[in-house]
Structures are given as C-alpha cells and as structure tokens.
Amino acid sequence: MKVGFALLFWLVSAGAGLAAEPLRVAVSIAPQAWLVEAVGGPEVEVLTVLRPGSNAATFSPPPSVLRKLGRQAVYFAIGVPFEQAWLPALRKAMPGLRIVALQQGLVRIEGVAHAGHAHDFDPHVWTSVANLRRMAARIRDELIHLRPSESTRFTANWRMLDERLKQLDTELRERLAPHRGAAFMVFHPAWGYFARDYGLRQIVIEPFGKQVGPRRLMRLIERARRERIAVVFVQPQFSERQARLIADAIGGRVTRLDPLAHDIAATLRRAARAFANEARR
Ligand SMILES: [Zn+2]
C-alpha cells in the first residue's frame, strides 16, 4: 500500500511536469524575442518571423513560417513595415490568432520616411529603453492573460528585466549627458528614439538605402564637418561604402550596429559607448 501511494505520487508529479506545453508566441523581430524570452522564461517558446539579416521593409515571410503561425497563442506585432504588407492577410486567414500591437500607446516620433514606405511615424520604437520597458509590461500582462497559472513567475521575471532596463537607462543617460545636442549620422534612420531619449540628433544620409549622388554626398560631408560629426552608424542590412566615404572625409569613424539584433540591451549599450568614445569635445 505504501509503495502504491509513492508510485501514484511519482506518476502525478511526473505527469504535471510533462503536461506543461510551452506557450507559443510569435514576434516580428529579434529584439522583441529578447523581451518575450526575458519575461516568459522557459515556459515560452518564441518564433521570430523576420530572418536574421533580412530587410524589415521588404521581407515577406516564407510559407513554412506562415504554417507555424497557426500554432501560436499570440502574435506580438511592433509596426515594422513588412507587417503592413501581410498582417491584414494573416488576420483574414487566421481569425483565431490573437494579434497584439506592442507599438500602441507608445509616444512615437512622427514623419520619418522609411525604406520602401513613407510612414506617419518612425517605426523603430525598440531603440528606446523607455519604450522597451513599456512593451515588456504589455508582454507581461499578455502572458499572464494566456497562462494565469504562471502569473507569479512571469511577474518575477518581468520585475528583474525591468530593473535591468532601468539600470541601462541610467547608465546611458550618464554616459551621454556630456554630449547633449550633439549629432551622429546614420544611413538608415533606425536611431530616432535613441536620439530623442538622450538629447542627441540623428542626421540621415539616405532613408531608402539608395546610393547618394555626388552633389548630395558633398553637402553631407560639409554638414558633417559643420555639425562636428564623429561617428556614422551603419547596419548590416544596408551598404556601408558611402558611410565610409563620409567618415573618411571628416576623420570620423564608422560603427556597425545592428538594431535588429536579438540582445537589444547590448545593442543600445554599444551605441552609447561608440558615440561617447568618438564624440568630439
Ligand atoms: Zn528600419
């Protein structure tokens, strides 16, 4: 009888461990996956729709990804251009799929032309620590809604993440405070929110990722000199040849930064360090 109870107990606890299917969550870009993984922990399995190295303006999800979307509990959108092309179709094809727009409720920068589209607002909301914190809270609420039994764990994970992001914000604020009002150049305008948060200015070389003509290039070099630009940011999805031309002409430096990389906290920290190390005093 004693052995029977022990066995029964073992079966029940083993069964409980196995019963916990991961909560399947889809996101558009890798920085969102980083957020969801931090809040969800091992309870959550994240599907990132945009492939690494792909352009967020022109990407179109392959059928293999679309098939997987049918098994997701929720899709966290963020407002990147490729969503506009196919999210409406996805909504029609999978009316049961829950879609949460993380960019909703954020204070957004208006009127930025973006590769392939002219947007009403700057879609790169994730280059702001303040925005990341708001989105993490939304993710926490959504995960708790989908799996209330893990509410304590999700809340504890979120609290740890939020503390990390708060520290990151303080660190970046201190590092960049001496450079308030200073400018940096970028080929693709992914750093508008970062600039806004820390009182910097983003000067865009060519928003659509096209080649710049010689006359415009000369004007950009003149402007870079006038603005005492020391750093030009490039990202792997766009050519860096012309960024190098400008940087060389002004004795500045090209810094490769991928705003679409998974660990967005590390990316933002690298951006702040590169800027502060190169900035002219
Ligand atoms: Zn972009």
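Residues numbered from 1 in each chain as written. Predicted model: local features only at pLDDT ≥ 70, side-chain atom pairs only at ≥ 80, totals over all residues. Heavy atoms only, no water.

Enquirer: Any chance you could break down the overall build of the protein for me, citing the residues and the numbers?
Expert: When its secondary structure is counted, the protein shows 10 helices and 10 strands. Burial status across the protein gives 50% buried among its 281 residues. For the protein, restricting intrachain contacts to residue pairs at least 6 apart in sequence, the fraction spanning at least 24 positions comes to 63%. Summing over all exposed atoms, the protein offers an accessible surface of approximately 14,000 Å²; the carbon and sulfur share of this is 54%. (Helix = DSSP H or I, 4+ residues; strand = E, 2+ residues; numbered from the N terminus. Buried < 20%, exposed > 50% of the residue type's maximum accessible area, 1.4 Å probe, protein only. Contact = heavy atoms within 4.5 Å. Areas by Shrake-Rupley, 256 points an atom, 1.4 Å probe, with all protein chains shown as cover.)

Enquirer: Can you tell me about the sheet that holds strand 3 (residues 74–77), naming the residues and giving the values?
Expert: Where strands meet in a sheet, backbone hydrogen bonds hold them as pairs that are either parallel or antiparallel. The 4 strands are arranged 2-1-3-4 in an open sheet whose pairing can be described as parallel. Of all strands in the sheet, those bounded by a partner on one side alone are strand 2 (44–48) and strand 4 (99–101). Pairwise comparison of adjacent strand axes, ignoring direction, gives a mean angle of 25 degrees for this sheet. The sheet contact formed by strand 1 (residues 23–27) and strand 3 spans 3 bridges and is parallel. Its bridge partner being in strand 3, Val25 is matched across the sheet by Val74. Strands in contact with helix 4 (residues 81–93) are strand 3 and strand 4; relative to strand 3, the strand with the most contacts, it is inclined by about 155 degrees. (Pairing = 2+ DSSP bridges. Axes fitted to C-alpha atoms, helices over the stretch in contact; angles between N-to-C directions.)

Enquirer: Give me the lowdown on the environment of Thr48, citing residues and values where you can.
Expert: For Thr48, the location among the structural elements is in strand 2. When the C-alpha atoms of Thr48 and His262 are compared, they prove to be 9.9 Å apart, with 214 residues separating the residues in sequence. Among residues more than four places away in sequence, those in contact with Thr48 are Val27, Ser28, Ile29, Ala30 and Ala33.

Enquirer: Explain the nonpolar core to me, using residue names and the numbers behind them.
Expert: Grouped together as the largest cluster of nonpolar side chains are 70 residues, with contacts concentrated most on Tyr75, Phe82, Trp126, Phe184, Trp191 and Phe194. If sequence neighbours within four positions are ignored, Trp191 has contacts with Thr127, Phe184, Val186, Gln202, Phe233, Leu257, Pro259, Thr267, Leu268 and Ala271. Residues Ala183, Ile221, Ile246 and Ala247 belong to the second largest nonpolar core, which totals 18 residues. (Core = buried A, V, L, I, M, F, W, Y, C linked by side-chain atoms within 4.5 Å.)

Enquirer: Kindly report on the packing of aromatic side chains, identifying the contributing residues and their values.
Expert: For the coordinates displayed, the defined rule picks out 8 aromatic pairs. An angle of 80 degrees between the planes, with centres 5.4 Å apart, marks the rings of Phe59 and Phe82 as edge-to-face. Residue Phe59 is located in the loop between strand 2 and helix 3 (63–69), and its partner Phe82 is located in helix 4; the two are separated by 23 residues in the primary sequence. When the ring of Phe194 is compared with that of Tyr198, the centres are 5.6 Å apart and the planes differ by 65 degrees; the resulting orientation is edge-to-face. Highlighted residues: Phe194 and Tyr198, both in helix 7 (residues 192–198), separated by 4 residues, approximately one helical turn. Pair check on accessibility: Phe194 and Tyr198 agree, each one buried. Taken together, the aromatic side chains of Phe184, Trp191, Phe194, Tyr198, Phe233 and Phe275 make up a single cluster linked through ring pairs. Taking the ring centre of Phe121 as reference, the NZ or CZ of Arg108 above it sits at 3.8 Å. Over the ring of Trp158 we find Arg140; its NZ or CZ atom is 4.3 Å from the centre of that ring. (Phe/Tyr/Trp six-rings, centres within 6.5 Å; stacked < 30°, edge-to-face > 60°. Lys NZ or Arg CZ within 6 Å of the ring centre and 35° of its normal.)

Enquirer: Give a description of the sheet that holds strand 7 (residues 183–186) that names residues and reports values.
Expert: Read from one edge of the open sheet, 4 strands run 8-7-9-10, paired in parallel fashion. Looking at which strands have only one partner, the edges of the open sheet turn out to be strand 8 (201–204) and strand 10 (253–256). Strand-to-strand twist of the sheet, defined as the mean angle between neighbouring strand axes without regard to direction, takes the value 35 degrees. As judged from the 2 bridges shared by strand 7 and strand 9 (residues 231–234), these two strands associate in the parallel manner. Paired with Met185 across the two strands is Val232, which belongs to strand 9. Lying over the sheet, helix 9 (residues 241–250) contacts strand 7, strand 9 and strand 10, oriented at roughly 145 degrees with respect to strand 10.

Enquirer: Can you explain the side chain of Thr127? Please cite residues and give values.
Expert: Its location among the elements puts Thr127 in the loop between strand 6 (117–118) and helix 5 (129–146). Judged by its relative accessible area of 0%, Thr127 is buried. Polar side-chain contacts of Thr127 include one of 3.1 Å to the backbone oxygen of Ala190. With residues near it in sequence (within four places) discarded, Thr127 still touches Ala190, Trp191, Tyr193, Phe194, Pro259 and Leu268. (Polar contact = N/O pair within 3.5 Å; in protein donor to acceptor, adjacent residues only side chain to side chain.)

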